[in-house]
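Here is how the chains run, residue by residue.
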Amino acid sequence: MIQLKRVYEKPWRKDGLRVLVDRLWPRGLTKERAAVKLWLKDVAPSTELREWFGHDPARWKQFQARYRRELGQKKDALEELKQMARKHVVTLVYGSRDKEHNEALVLKRIVEGRKR
């Protein structure tokens, strides 16, 4: 099972294994407060893609397509995430304020085998 949560939200036991999926560490957050068990920088969007997207909802559809292409080159890291999700509750944590347009949402769909 995979859940999504902002890294700034209070961690709960029900979160299970908390995995940070951002390339950059969240601003102003200590490791203790983030309660992240694993930081998978390898599955985060490239710096170029992240900067191009800028969390602009108008670019969301194109961002998803570009991010999926990038993830096609990171099959090992994706497989690691899939294996974790088969064994544990996994919460993908992210720093974005936008809960409807972020990489964790795309990643969750891919790991669950959904197209969109």
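In this text the structure is predicted, and so the values were computed from the model without any measurement. (Residues numbered from 1 in each chain as written. Predicted model: local features only at pLDDT ≥ 70, side-chain atom pairs only at ≥ 80, totals over all residues. Heavy atoms only, no water.)

What follows covers the nonpolar core. Judged by nonpolar contacts, the single largest core of 25 residues is most densely connected at L81, L92 and L107. Per-element tally for this core: the top contributor is helix α5 (residues 103-111), with six residues. In this structure L92 touches I2, Q3, L4, K5, V19, V21, L81, A104, L107 and K108, once residues within four positions along its chain are discounted. By size, the runner-up hydrophobic cluster in this structure holds six residues, among which are L20, A34, V36 and V93. (Core = buried A, V, L, I, M, F, W, Y, C linked by side-chain atoms within 4.5 Å. Buried < 20%, exposed > 50% of the residue type's maximum accessible area, 1.4 Å probe, protein only. Helix = DSSP H or I, 4+ residues; strand = E, 2+ residues; numbered from the N terminus. Contact = heavy atoms within 4.5 Å.)

Assignment of secondary structure puts R59 in the loop between α2 (47-53) and α3 (60-71). A sequence separation of 42 residues divides R59 from H101, and the C-alpha atoms of the two residues are 9.4 Å apart. Setting aside residues no more than four positions away along its own chain, R59 makes contact with W52 and F53. Within the structure, R59 has its side chain in polar contact with the backbone oxygen of W52 (distance 2.3 Å). (Polar contact = N/O pair within 3.5 Å; in protein donor to acceptor, adjacent residues only side chain to side chain.)

Another aspect to go through is the sheet that holds strand β2 (residues 17-20). Pairing in this open sheet of four strands is parallel, and the strands run β1-β4-β2-β3 from one edge to the other. Edge positions in the sheet fall to β1 (2-6) and β3 (38-39), since each of these pairs with one other strand and no more. Two elements, β2 and β3, share two bridges in a ladder whose sense is parallel. The partner of V19 across the bridge, within β3, is L38. Packing of helix α4 (residues 75-87) onto the sheet brings it into contact with β1, β2, β3 and β4 (90-94), and relative to β4 it is tilted by some 130°. Relative to the sheet, α5 contacts β1 and β4, its axis offset from that of β1 by approximately 175°. (Pairing = 2+ DSSP bridges. Axes fitted to C-alpha atoms, helices over the stretch in contact; angles between N-to-C directions.)

This part takes up the environment of L40. Tracing the sequence through the fold places L40 in the loop between β3 and α2. Setting aside residues no more than four positions away along its own chain, L40 makes contact with V19, L20, V21, E80, L81 and M84.

No statement about biological role is implied by the geometric values presented.
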